[in-house]
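Secondary and tertiary structure notes
Letter by letter, the chains look like this.
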Amino acid sequence: FRNLLYQDASYFDNPAHAPGKLITRLASDAPNIKAVVDARMLQVIYALSAIVACIVIAFIYCWQVAILGTSLILLLAFVMIGLAYKISIMNIEQIKNDEAGRIAIEIIENVKTIQLLTRCDMFFDHYETASKQQKRSELKKGMIEAINYSITQSFMYFMMCFTYAVGIRVIYQGDKSSDDTFKGIIAMMLGAVAVMNSAQYFPEFVKAKTAAGMLFNIIYRKPRTGDLMEGDRPEIRGNILFENVKFSYPQRPLQPIMKGLQWTALRG
């Protein structure tokens, strides 16, 4: 918010930075990030630690089972990264086209005028149309998140099926004892349980990643007019003269705001 206060006029003149959209970002991005910096983050750290420990144990007792289980975990990781990338793109598009929040804020700010003009129904229709568009986008994301949830929550059963298949063959061929083989299988199954416990927070983390990117874009954006806190601050004494000043906003260069402005302020 501090950085927004120092932005140049052209920043707010851009339709993508309308007051309603900026307020929506401030109101939603920070809570989305905060949602994962709690016990959910701790749960994911626990799960990653458990997966690494289980893979090490499996390699110690039965490397054949460990290689297969690690391959399945890596395959699942690639699938989750692909789904996360897809959802991130959809989140960014949804944020750019978030008209419902902007319309709601601007309607409430001007509600007295809207009521006096008896245009409540028209503005409600505008808001309803924007909300339906956002709903369709959420439904598309919901389908992807459902696919991810179904894969991760059934992952343990896939792991059980493949590791037992390999483990039985290892025992049959006499490469490893049944005791070591079962220790490797159980270790990989516990790793799969860790994946199941942490994957349920997948939507929150993807949403937080997108929100953090948008928030830090605002935080790190430098105004075109330069840093207000840098440079010299000379003490000016004298008359001030504006002579033939011309000005127009960057988004509307053909609509001048000032044209041939002449103005003088005498000292004192």
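Residues numbered from 1 in each chain as written. Predicted model: local features only at pLDDT ≥ 70, side-chain atom pairs only at ≥ 80, totals over all residues. Heavy atoms only, no water.

Stated precisely, the cut-off is as follows: UniProt positions are given in the numbering used here, feature names are shortened, and annotations may be inferred rather than shown by experiment.
The chain appears in an unreviewed UniProt entry as PGP-14 from Caenorhabditis sinica. Under Subcellular location (unreviewed entry), UniProt gives the following word-for-word description of the chain: "Membrane".

Quick word on the overall build of the chain
Stated precisely, the cut-off is as follows: Only runs of H or I of at least four residues qualify as helices and only runs of E of at least two qualify as strands under DSSP, and these elements are numbered from the N terminus. C-alpha atoms define the radius of gyration, and 2.2 Å times the number of residues to the power 0.38 defines the globule rule. Accessibility here uses a 1.4 Å probe with only protein chains present; expressed as a share of the type maximum, an area under 20% marks a residue as buried, one over 50% as exposed, and anything in between as partly exposed. Contacts were defined at the residue level, with two residues in contact if any of their heavy atoms lie within 4.5 Å. The accessible surface values rely on the Shrake-Rupley method and a 1.4 Å probe; as for residues, cover is taken only from the protein chains in view. Neither His nor the chain ends contribute to the count of charged residues, in which Lys and Arg are positive and Asp and Glu negative. To locate a charge, the coordinates of NZ of Lys, CZ of Arg, CG of Asp or CD of Glu are taken.
Counting its secondary structure elements, the chain contains eleven helices and two strands. For the chain, whose C-alpha radius of gyration is 29 Å, the value lies well above the compact-globule estimate of 18 Å for 268 residues. Seen along its three principal axes, the alpha-carbon backbone of the chain occupies a region of about 100 × 55 × 30 Å. Across the 268 residues of the chain, 31% fall into the buried class. Counting only contacts in the chain whose residues sit at least 6 apart along the sequence, the fraction spanning at least 24 positions is 78%. A total of about 17,900 Å² of accessible surface is found on the chain, and carbon and sulfur atoms cover 63% of it. If you average the places of the 29 positive and of the 23 negative side-chain charges in the chain, the two averages end up 3 Å apart.

Overview of the packing of aromatic side chains
Formally: When the centres of two rings from Phe, Tyr and Trp lie within 6.5 Å, Trp using its six-membered ring, the rings pair. Their planes under 30 degrees apart give stacked, over 60 give edge-to-face, and anything left gives tilted.
Within this structure, the stated rule accounts for five aromatic pairs. Arranged with centres 6.0 Å apart and planes meeting at 65 degrees, the rings of Tyr164 and Phe182 form a pair that is edge-to-face. Of this pair, Tyr164 sits in helix α9 (residues 155–173) while Phe182 is found in helix α10 (residues 178–199), placing the two residues 18 residues apart along the sequence. Seen from their ring centres, Phe216 and Tyr220 are 5.7 Å apart, and the 25 degrees between their planes marks the pair as stacked. Of this pair, Phe216 and Tyr220 both sit in helix α11 (residues 202–220), four residues apart, which is roughly one turn of that helix.

A look at the nonpolar core
Our working definition: What is meant by a nonpolar core is a set of buried Ala, Val, Leu, Ile, Met, Phe, Trp, Tyr and Cys residues, joined one to another through side-chain atoms within 4.5 Å.
Ranked by size, the top nonpolar core spans 32 residues in total, and within it Ile51, Ile73, Phe155, Met159, Met188 and Phe202 carry the most contacts. Contributions of two or more residues to this core are made by α4 (39–61), α5 (63–96), α9, α10 and α11. Counting residues in each nonpolar core, the second largest holds five residues, with Ala100, Ile103, Ile114 and Ala130 among its members.

Some remarks on a positive patch on the surface
Heads up, the condition is: Patches here: salt-bridge-free residues with over 30% relative accessible area, like charges joined within 9 Å, nonpolar side chains (Val, Leu, Ile, Met, Phe, Trp, Tyr) joined within 5 Å. By convention in these notes, a salt bridge is any Lys or Arg side-chain nitrogen within 4 Å of a carboxyl oxygen on Asp or Glu.
Together, Lys86, Lys132, Lys135, Arg136 and Lys140 line one region of the surface with positive charge. Per-element accounting of the positive patch gives the leading share, four residues, to helix α8 (residues 120–153). Mapped onto the elements, Lys86 comes out in helix α5. For Lys86, a relative accessible area of 46% translates into the label partly exposed.

Brief notes about the pattern of salt bridges
Applying the stated criterion across every chain, the model contains five salt bridges. For Arg25, the salt bridge goes to Asp29, with nearest N and O atoms at 2.9 Å. Placement of the pair is Arg25 and Asp29 together in helix α3 (residues 19–34), with a separation of four residues, close to one helical turn. Judged by its relative accessible area of 10%, Arg25 falls in the buried class. Of the residues examined, Asp29 reaches a relative accessible area of 0% and is grouped as buried.

Digging into the packing of α5 against α11
Note the threshold: Angles shown run from 0 to 180 degrees and are taken between the N-to-C directions of axes, each axis being a line fitted to C-alpha atoms and, for helices, limited to the stretch in contact. Orientation is classified from the angle alone, with under 35 degrees giving roughly parallel, over 145 giving roughly antiparallel, 65 to 115 giving roughly perpendicular, and any other angle giving oblique. Crossing handedness is read from the near helix: turned anticlockwise from the far helix by less than a right angle, it gives a left-handed crossing, and turned clockwise, a right-handed one. Only Asp, Glu, Lys and Arg are considered charged in this grouping, and only Ala, Val, Leu, Ile, Met, Phe, Trp, Tyr, Cys and Pro are considered nonpolar; every other residue, Gly among them, is considered polar.
Running from amino to carboxyl end, α5 crosses α11 at an angle of 50 degrees, the nearest separation of the two axes being 9 Å. Taken together, the axis directions place α5 and α11 in an arrangement best described as oblique. Crossing of α5 against α11: the hand is right-handed. Within the contact between the two elements, α5 uses Met80, Leu83, Ala84, Ile87, Ser88, Asn91, Ile92 and Ile95 and α11 uses Phe202, Val206, Lys207, Lys209, Thr210 and Met214. Its residues assigned to classes, the contact of α5 with α11 shows nine nonpolar, three polar and two charged.

Some points on the environment of Thr24
Within the secondary structure layout, Thr24 lies in helix α3. Taking the relative accessible area as the measure of exposure, Thr24 reaches 14% and is therefore buried. Linking Thr24 and Gln94, residues 70 residues apart in sequence, is a C-alpha distance of 12 Å.

Here we look at the UniProt feature "transmembrane region" (unreviewed entry) in the chain
UniProt marks residues 44–61, 67–87, 146–172 and 184–202 with the feature "transmembrane region" (unreviewed entry), using the numbering shown here. Along residues 44–61 the backbone is 100% helical and 0% strand, and the end-to-end C-alpha distance reaches 26 Å. Helix makes up 96% of residues 146–172 and strand 0%, and the two end C-alpha atoms of the span are 39 Å apart.

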